[in-house]
Amino acid sequence: IVGDMEERKNSEIQFNPTGNEKFYFETEKVCMIFNAGELALLEYGNNEVLCAVRTELINPHLVSVRLNERVVRNKTDLKFMAYLVDWKTISIMDLTRCTELATITHNVKIDWLELNETGSKLLFRDKRLKLWVFDMESKEKIGVVSYCTYVQWVPHSDVVVAQSRSTLSVLYNIDCPEQITPLQIKGDVVDVIRQEGKTQVIVSEGSTSTTYDLDEGLIEFGTAMDDGDFKRAVAFLENLEMSAETLVMWRQLGESSLGDRQLLVARRCFAAMGDIDQVEYIDGIVSKAEAVATEQGSGSGMQHYDVQARLAVMDGHYQLAENLYLSQGKVDDAMHMYSSVHKWDESLAVAEREGHADLDAIRSRYFETLISTGREARAAQLKEEENDLRTAAQLYLKAGLSALASELVINSPDLRTQSDLVERIGAALLAGGLCEKAGELWESVQQFQRALEAYRKGHAYNRAVELARSAFPNEVIHLEEEWGDHLCEIKKMEAAIPHYIEAGRTVKAVEAALLAKQWNKAVIILNTLDPNIASRYYVEVGEEYHSLKDYPTAEKYYVEGGDVRRAIDMYIEATRWADAYRLAVDANIQEEIANSFLEHGQSLEDKGRLKEAEKLYVTVGEPEQAIRMYKKAKQYNKVIKLIKSYHPDTLGETHRLLAEEIEADQHYNLAEQHYLKIGEGGWKKAVQMYCRADVWEDAHRVARDYGGDDAGNQVAYRWAKHLGGDSAIKLLTKFNILDNAIDFACDNQHFDFAFDIAKMALKERLGGVYCKYGNALEDEGKFDEAAAQFILGGQPKEAVLMYVHNRDWENARRVAEEHHPESLTDVLLGEGRHAFEAKEYAKAEAYLLRAQRPDMAVKYYKSAGMWQDALRVAKEYMPKKALAQLRQEYDQHLNAQGPRSAEDMVEPAQAWEQSGDHEQAIQSYLKITSEHSDDTRLLQQVWSKAAELALKFLPESAKTVVNVVADRLAGIHLYDAAAEYYLTIDDYRQAVDMFIAAENWMKARRVAEQLAPELTSYVDQAQGELLGKKGDAKGLVSVDPIAGLDMLAEQGEWEQCIQLAEDKGSAVHEKYVARYAAHLIQDRKNPAEALSVFKNNGAPAKHQNFKCYGEMARGILDMPMASPYRMFADLRDLLLFVISNTPNNIRLSHQHQVTMLETFLRIAHYCALREACREHDQLQSIVVRITTSLVRYTHLLSADVKYLEAGRVLRDAGRKGMAFVFFNRLLDICDVIDGAADQLNATDDFDDTDIPEEMILPEATCLTDANREEISDWVVGMSTEQSAEQSLPLDERGYYEASLLDVESQSLLDACLITGYPVLKQRVEFSVAMGLVADKEYWNKFVMQTKLSHSMECQDVVQFIKKWCGSSSAASFTFK
């Protein structure tokens, strides 16, 4: 339960307390409850929670709640709250509906906020002490006062009081926050009080307080406005002098009264502001209302449509006024309403929408008005809407709106082709500083260089880089650098960094990062630079981290920058001596600071503060001083501790030195401890110490404990040896080590002591001592004395082995014979082995045989590679089985030696042969291959030997062996010899093949004829194939004429082929003439040469050749103009000959091909005629007509060539309209050929003509890039000429003049033999059946020029026509 005791209002809600709740009662009408990040509002007198929101920021200064604190006209139940969602975000809530009205995001933390009493304005202040006002209606925030230390709303008003240093800022009109009334004060504002008709600001000035009165009238005006008492507000304002503040108040009052339709008050306000037009307008409304009221006899007249419309206009609600007029059918009044406020567009729109009778006149007057009043921009918009883009662009230019003009050009392909307009717009854009727009314009018209320059000039580097990536890749790096320079100039250092990196200017990138204080980026970039370059920047980075007290990072960059001293000073300043000294050591300047450290350390040492002195010594890297100090103080544990930390590698040596020093003081137990800590072997030193001191019990204890029983026994032995005599025997017996003592004595060369022990206590060990003594003497080289000891010890064999080991064979034999005969064999074996090593083979063999070991002799001979001696000894002294095994080993030995010469391999084979093992001999002979020798004679001998042995001794395997031998002989090209061996086994086919391989055709035929007649044709065929492979075509002709001629053809020897074919009959000759011509046409693309071949060798009228004739004709007729006349004439004559001599049955069965040849004949005639007329100016009209008419044959000829010829001839003849049509079509054809278009663009230019839609398109166009560009430019230029007729001319039929098509009958008219045009007027008939007629006018012109010029070509044309047409009266004339 919470309540307001003064207002007697209580609230009761269900509540589950947790004990962590906080209650705030600072707000007058509401209690704020905060718990676990949730704020709940409880209005006094209301038993429900008003609103609950989530926020972690609870402070009376960070939450503002207003609940109906001031009555506002036309508004009730005003409940609002503003609070912080986080430190930079304010949320404003409507508490009546619990909805969020606005969210304000700020870039600085907010520390105070407060709504006004009506909740329409919010004041808030940020951590930078900047005061802001937020308007709920416009949702705008405006900065009001900087360095604001106090702010408060004046009670019961919207006036704000704020202090900034010594200035008191009063905002009497919060709607105009820029209008501030300043007052100078000396202290700090503590409160604002409003009572008894006064408003005072209380200022504390030290120990006293001062009041400053505010203008109560200005404050009261706001209150009157809120209360809606406009007359009281007028009365108040009339008493004030006119100023900027009062002018704003008059305007505010005028707008409010006008909204309430209190026109007289509004009239007074606008009159006070001097707004005469508004006053007169209000007077008109009032007069109209009075007139209506008078006319109606009742009411105020304010509801009349005209009055309401005028009020709507005054409020700016033009659409409402329009609707009022139109609802009454007052179209003109609506139009006049718009025009009276200069809204011409809306007036015109009303006229268009309502279908005004004088709409055109209105529109025209509107346009003229726009032009006359200088409103070219609006006029341009109208033209743009009418799609008159060029006029619109010009008007935009005139209006100075070059940017809009450029947009039109950029978006209009037609305008982009008008270079003059583009240039004007570009110049205007550059003059107006709109360089980026200019760049877009130049880019749209493909003028990339100018576009790039414009982008650069306008600093539009993003666009410049984008353009350069595609058009000028090499400029991208320079542009990126310029971009970075520009950003640095405008102080945008951080933005410049990535552009410098893109440009590869890492040094500039570093400098920009440092200026932008982007240290991390600077470090990243520095890491990529050369250390010599980067070093001068690292110090600056280090200073930054130094200021942040990040000492390790600062040290890193100071050091990398080469300023180690600065890093040391930094650590000294921070009293981090260890780090300072570490750096000094690294920089080799430790002496500068180490001396002072050492002096202080010595002082501490003298004072007995050893621990502190140790720390200081260690800090400066002098742990030896601390060690010295502790050693001096005999604090050996501290010494060892320091040694472990700083010199662990000398720890053992330190223990040793300390032990020796302690030993010298005869403190043996303490010395023992240090000896034992030396590590491995330390206990031995302790043992030695005790031995030196004759403390044998301790020596034995340490040895036994740390070295084990063996070590203890050794010390006991030394103890016994030290004692000697019976005492020694007793001591050794006590420790039970008598046997071990003898061994140890012998091992240590103490033989006297060993003999004493053995003689006194263990006589059975005496022989062993003798032997060990003998071994010792042997090691010293005293062999005879050693031998004596071995014999005394009962081991004469050891003496023999000793002499054998030292190769003293005589003494070895002597001792063996006298004392140990069993060893004599070993002596002989050793002596024999020694003789072999000395290469005294005879002696060695004798010794081994004496020892009855021939096998050892064989073994040694084998190891020495002396196989013959080994075989000899084995043969004489060993069994046959061993001899055979030895021979097999010898053979394996030879095989294992790897590649051998044939001569080496012959020897064992011969040995096998001599031994009678013929099968092994054959295998040995056959193991010899061409890999072992290049001597074919030797190879033939050994292989022949193998074959002879097989034939003589092994007939069952003879055939296999002979096959191998023959095959190998063939492999070394001894084909004749191989053939002879095949004959021995009756393999006639292989024998013939061998003679063929040897090209011994005589023997091959003889074998075939005598022994295998079925192989005769096989030999002839093989001879022919061989000649073919050798390319001996001439020789092959004599064997196989057709194959020989084919070979000549394949070799390209066509002239020889044709010459030889002529001797083989006309059919063969014609076949190869046709093949030669086809080769020239298809493979060499030389139809002219093919024509020459037919001309020189005849062109038979065979249907097999029709396709060849057609391809040849097409290739020649596709050649460009200005080709030789004779070439076309020869083609014409050839085709006429072929057609004339084609039998009727061939004509009927191959009608299509014959018709095509006839068409090619007519085309060839036109081409020849054109070339004949080209040299005569009087006949140029015939050239033009022929060239134009040839376009109808593009279904047979290359379309691009014929359209190009026609366009050029027509353009040169001045017939630009026709040339335009043909060139335009040519460009479409080229696009399809190049793949730029899938199909030809649809056009009606060739409708109702005989020009085919389906045409022949080559793989590549005949136009070069330069020709294509020149034609394209000409076509574009022609398209802009308004006077040029861009169509095909018509004749009296009303159809294209060169077309043979009769549209009505769909039949073809006769074509003139001279021009190719249809014959419409008087004609000359040569052969009506063949359709050979001529236009009389052009025939006469041609004949007359032929007579006058005596041109041989023209005369030849006439003669051809006569020959073609036969006898005709029209063609009967002579040239005299």
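Above: the structure in question.
Notes on the structure follow. (Residues numbered from 1 in each chain as written. Predicted model: local features only at pLDDT ≥ 70, side-chain atom pairs only at ≥ 80, totals over all residues. Heavy atoms only, no water.)

Moving on to the overall build of the protein. When helices and strands are tallied, the protein shows 69 helices and 25 strands. For 1376 residues, the compact-globule estimate of 2.2 N^0.38 gives 34 Å, and the protein exceeds it by more than 25% at 64 Å. When the backbone C-alpha atoms are referred to their principal axes, the protein occupies close to 180 × 145 × 65 Å. When burial is assessed residue by residue, the protein has 45% of its 1376 residues classed as buried. Sequence-distant contacts in the protein: of pairs separated by 6 or more residues, those separated by 24 or more amount to 39%. Within the protein, the 219 negative side-chain charges are centred at a point lying 4 Å from the centre of the 153 positive side-chain charges. (Helix = DSSP H or I, 4+ residues; strand = E, 2+ residues; numbered from the N terminus. Rg over C-alpha atoms; globule rule 2.2 N^0.38 Å. Buried < 20%, exposed > 50% of the residue type's maximum accessible area, 1.4 Å probe, protein only. Contact = heavy atoms within 4.5 Å. Lys, Arg positive; Asp, Glu negative; His and termini not counted. Charge placed at Lys NZ, Arg CZ, Asp CG, Glu CD.)

What follows covers the packing of aromatic side chains. In total, this model carries nine aromatic pairs according to the counting rule given. Ring geometry for F124 versus W132: centroids 6.5 Å apart, planes at 10°, classification stacked. The residues F124 and W132 share a single accessibility class, namely buried. Geometrically, the ring pair formed by Y1203 and F1246 is edge-to-face, given 6.1 Å between the ring centres and 75° between the ring planes. Of this pair, Y1203 sits in helix α65 (residues 1199-1212) while F1246 sits in the loop between α66 (1216-1234) and α67 (1265-1280), and the two are 43 residues apart along the sequence. For the pair Y1203 and F1246, one class covers both residues: buried. (Phe/Tyr/Trp six-rings, centres within 6.5 Å; stacked < 30°, edge-to-face > 60°.)

Okay, the packing of helix α11 (residues 376-385) against helix α12 (residues 389-398) next. Orientation of α11 relative to α12, taken along the N-to-C sense of each, is 165°, at an axis distance of 8 Å. Considered as vectors, α11 and α12 are oriented roughly antiparallel to each other. Crossing of α11 over α12 shows left-handed handedness. Between α11 and α12, the residues in contact are E376, A377, A379, A380, Q381, K383 and E384 and L389, T391, A392, L395, Y396 and K398, respectively. Of the residues contributing to the contact of α11 with α12, the split by class is seven nonpolar, two polar and four charged. (Axes fitted to C-alpha atoms, helices over the stretch in contact; angles between N-to-C directions. Parallel < 35°, antiparallel > 145°, perpendicular 65-115°, else oblique. Left-handed = near helix turned anticlockwise from the far one by under 90°. Nonpolar A, V, L, I, M, F, W, Y, C, P; charged D, E, K, R; others polar.)

Attention now moves to the state of the cysteines. One pass over the structure, following the stated rule, counts zero disulfides. With no disulfide of its own, C269 lies closest to C176 among cysteine sulfurs, the gap being 15 Å. Not engaged in a disulfide, the cysteine C1354 finds its nearest cysteine sulfur in C1173; these two sulfurs lie 5.3 Å apart. (Disulfide = S-S within 2.5 Å.)

Attention now goes to helix α58 (residues 1066-1082). Along an α-helix, a turn takes 3.6 residues, which lines up residues three or four apart on a common side. Helix length check: α58 (17 residues) gives 24 Å between terminal C-alpha atoms against 24 Å at 1.5 Å per residue, within 8%. Inspection of α58 places V1068, H1069, Y1072, V1073, A1074, Y1076, A1077, L1080 and I1081 among the buried residues, and these make up the whole buried set. (Expected span 1.5 Å × (residues − 1).)

The next point concerns a nonpolar patch on the surface. A surface patch of nonpolar side chains, about 300 Å² in accessible area, is lined by F15, F23 and F25. Checked against the element boundaries, F23 lands in strand β3 (residues 22-24). Using a relative accessible area of 39% as the deciding quantity, one classes F23 as partly exposed. (Patch = residues over 30% accessible without salt bridge, like charges linked within 9 Å, V, L, I, M, F, W, Y side chains within 5 Å. Areas by Shrake-Rupley, 256 points an atom, 1.4 Å probe, with all protein chains shown as cover. Salt bridge = Lys/Arg side-chain N within 4 Å of Asp/Glu carboxyl O.)

This next bit is on the pairing of strand β9 (residues 89-94). With six of six residues buried, β9 is to be regarded as a mostly interior element. A two-sided burial pattern is seen for β9, the buried positions comprising T89, S91 and M93 on one face and I90, I92 and D94 on the other. Sheet topology note: the strand β8 (residues 79-86)/β9 ladder contains six bridges and is antiparallel. Looking across to β9, one finds that Y83 is bridged to S91. Hairpin connection from β8 to β9: two residues lie between these consecutive antiparallel strands. Pairing of β9 with strand β10 (residues 99-105), which is carried by six bridges, proceeds in the antiparallel orientation. Paired with I90 across the two strands is I104, which belongs to β10. (Pairing = 2+ DSSP bridges.)

On to the sheet that holds strand β20 (residues 198-205), then. Taken in spatial order, the three strands make up an open sheet running β19-β20-β21, and their pairing is antiparallel. Every interior strand has two partners, whereas the edge strands, β19 (188-195) and β21 (208-213), have only one. Here the average twist between neighbouring strands, direction ignored, is 25°. Note: β20 against β21, six bridges, orientation antiparallel. Across the sheet, the residue bridging to I202 is T211, located in β21.

The subject of this paragraph is α66. Taking 1.5 Å as the rise per residue, α66 with 19 residues should run 27 Å; its terminal C-alpha atoms sit 26 Å apart, in good agreement. Directly after α66, the chain includes G1235, whose backbone phi takes a positive value near 90°.

Right, let's get into the packing of helix α40 (residues 796-805) against helix α41 (residues 809-819). At a minimum axis separation of 8 Å, α40 and α41 run at an interaxial angle of 165°. Considering their axes alone, α40 and α41 lie roughly antiparallel with respect to each other. Seen from above, α40 lies across α41 with left-handed handedness. On α41, the residues that touch P796, A799, V800, Y803 and V804 of α40 are W809, N811, A812, R814, V815, A816 and H819. Broken down by class, the residue content of the contact of α40 with α41 amounts to nine nonpolar, two polar and one charged.

Leave glycine aside and you will find that most residues have negative phi; peptide bonds, for their part, are mostly trans. For R165, which is not glycine, the phi torsion reads 55° and is therefore positive. With a relative accessible area of 58%, R165 lands in the exposed category. At K491, a position not held by glycine, the phi torsion is positive, near 65°. In this fold, K491 is placed in the loop between α19 (476-489) and α20 (493-502). Residue classification places K491 among the exposed positions, given a relative accessible area of 64%.

The next thing to look at is a negative patch on the surface. On the surface, a cluster of negative charge is contributed by D1244, D1247, D1248, E1253 and E1254. Assignment of secondary structure puts E1253 in the loop between α66 and α67. When its relative accessible area of 68% is taken as the criterion, E1253 is described as exposed.

Formed by 84 residues in total, the largest nonpolar core has its most connected members in I425, L526 and V541. Those residues in contact with V541 that lie beyond four places of it in its chain are L514, W519, V523, L526 and Y557. Core analysis: the second largest hydrophobic core is formed by 79 residues, F1106, M1156, L1169 and W1364 among them. (Core = buried A, V, L, I, M, F, W, Y, C linked by side-chain atoms within 4.5 Å.)

Turning our attention to the sheet that holds strand β4 (residues 30-35). Taken together, four strands build an open sheet; the order of strands is β3-β4-β5-β6 and the sheet is antiparallel. Either end of the sheet is taken by a strand with one partner, and the two such strands are β3 and β6 (49-54). Sheet twist, expressed as the average angle between the axes of neighbouring strands with direction ignored, equals 20°. Here β4 pairs with strand β5 (residues 38-43) via six bridges, running antiparallel. Opposite I33, over in β5, you have A40 as the bridge partner.

What follows is about the pattern of salt bridges. Under the counting rule described, the total for this entry stands at 40 salt bridges. The salt bridge involving R456 is made with E482; its shortest N-O contact spans 3.2 Å. Of this pair, R456 sits in helix α17 (residues 448-457) while E482 sits in helix α19; the two residues are 26 residues apart in sequence, bridging distant segments of the chain. For R456, a relative accessible area of 22% corresponds to the partly exposed category. What emerges from the salt-bridge pattern is a single network uniting K1095, R1126, D1130, R1132, D1133 and D1356.

Function cannot be read off these values alone, since they describe shape.
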